[in-house]
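# Breakdown of the fold
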Amino acid sequence: MIKKTLAVAALAAGAVVSLAPQAFADNADPNAYSDQTANFVVYNDPAVLGAKDAGKQIIVSPYGTSHTIACKGNGVDVPLYACMQQDNPGLGWIILQQQDLPGLGPAWVDTMQNDPNA
């Protein structure tokens, strides 16, 4: 009986340890790019009026949130910075420029310039 209890405890501990890196992967290194698409609202969505209160940022791009938005920072301890949006396949990443919209919060605007390093 004790062996079964120890085996179950070991399996449970192993499961927790194996899930921990995945659960915190987005916040692991705020200096690395990570997918932040879920933290954005499209500029023409009515939800943009409450974006700041919801902790969301605004994207002004023809792709909206249909293409991946990657930023440095984690949006929690370190504000998002250096955001880019994936262009059409084979065309790389578009540089986004941050602008503050009074009353609405941060907005990231498509510069129509691809990042040559991405």
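For clarity, every value in this text was computed on a predicted model and none was experimentally measured.

## A closer look at the state of the cysteines
Summed over all chains, the structure comprises one disulfide. Sulfur-sulfur distance for the disulfide between Cys71 and Cys83 comes to 2.0 Å. Because the sign of the S-S torsion sets the handedness, a value of about 110° for the bond joining Cys71 and Cys83 places this disulfide among the right-handed ones. Taken together, the residues span a long stretch of sequence, with Cys71 in strand S4 (residues 69-72) and Cys83 in strand S5 (residues 81-86) at a distance of 12 residues.

## Side note on the nonpolar core
In this structure, Phe40, Val42, Ile59, Ile69, Cys71, Leu80, Cys83, Leu96 and Trp108 together form the largest nonpolar core, which totals nine residues. Residue assignment for this core shows that the elements contributing at least two residues are strand S2 (40-42) and S4. When residues no more than four places from it in sequence are discounted, the contact partners of Cys83 are Phe40, Ala70, Cys71, Ile94, Ile95, Leu96 and Trp108. In terms of nonpolar packing, the next biggest core, distinct from the first, is built from five residues, Val41, Val48, Ala51 and Ala107 among them.

## A few points about unusual backbone geometry
For Ala82, which is not glycine, the phi dihedral falls at a positive 55°. With respect to the helices and strands, Ala82 occurs in strand S5. The exposure class of Ala82 is partly exposed, given its relative accessible area of 34%. At Met112, a residue that is not glycine, the phi angle is positive and equals roughly 60°. Residue class for Met112 comes out exposed when judged on its relative accessible area of 75%.

## Concerning the side chain of Ser61
With respect to the helices, strands and loops of the structure, Ser61 is situated in the loop between strand S3 (57-60) and S4. Relative accessible area serves as the criterion here: at 5%, Ser61 is assigned to the buried category. Here Gln85 takes part through its side chain, which lies 2.6 Å from a polar atom of the side chain of Ser61. Aside from chain neighbours lying at most four places away, what touches Ser61 is Tyr43, Gln85 and Asp110.

## A closer look at the pairing of S5
Sheet topology note: the S4/S5 ladder contains three bridges and is antiparallel. Note on S5: the bridge partner recorded for Ile69 is Gln85. Where S5 lies against strand S6 (residues 93-101), three bridges are found, and the strand directions are antiparallel. The residue of S6 that forms the bridge with Gln86 is Trp93. Count of turn residues in the S5/S6 antiparallel hairpin: six residues, of which Gly90 carries a positive phi of about 85°.

What counts as what
- Residues numbered from 1 in each chain as written.
- Predicted model: local features only at pLDDT ≥ 70, side-chain atom pairs only at ≥ 80, totals over all residues.
- Heavy atoms only, no water.
- Disulfide = S-S within 2.5 Å.
- Helix = DSSP H or I, 4+ residues; strand = E, 2+ residues; numbered from the N terminus.
- Core = buried A, V, L, I, M, F, W, Y, C linked by side-chain atoms within 4.5 Å.
- Buried < 20%, exposed > 50% of the residue type's maximum accessible area, 1.4 Å probe, protein only.
- Contact = heavy atoms within 4.5 Å.
- Polar contact = N/O pair within 3.5 Å; in protein donor to acceptor, adjacent residues only side chain to side chain.
- Pairing = 2+ DSSP bridges.

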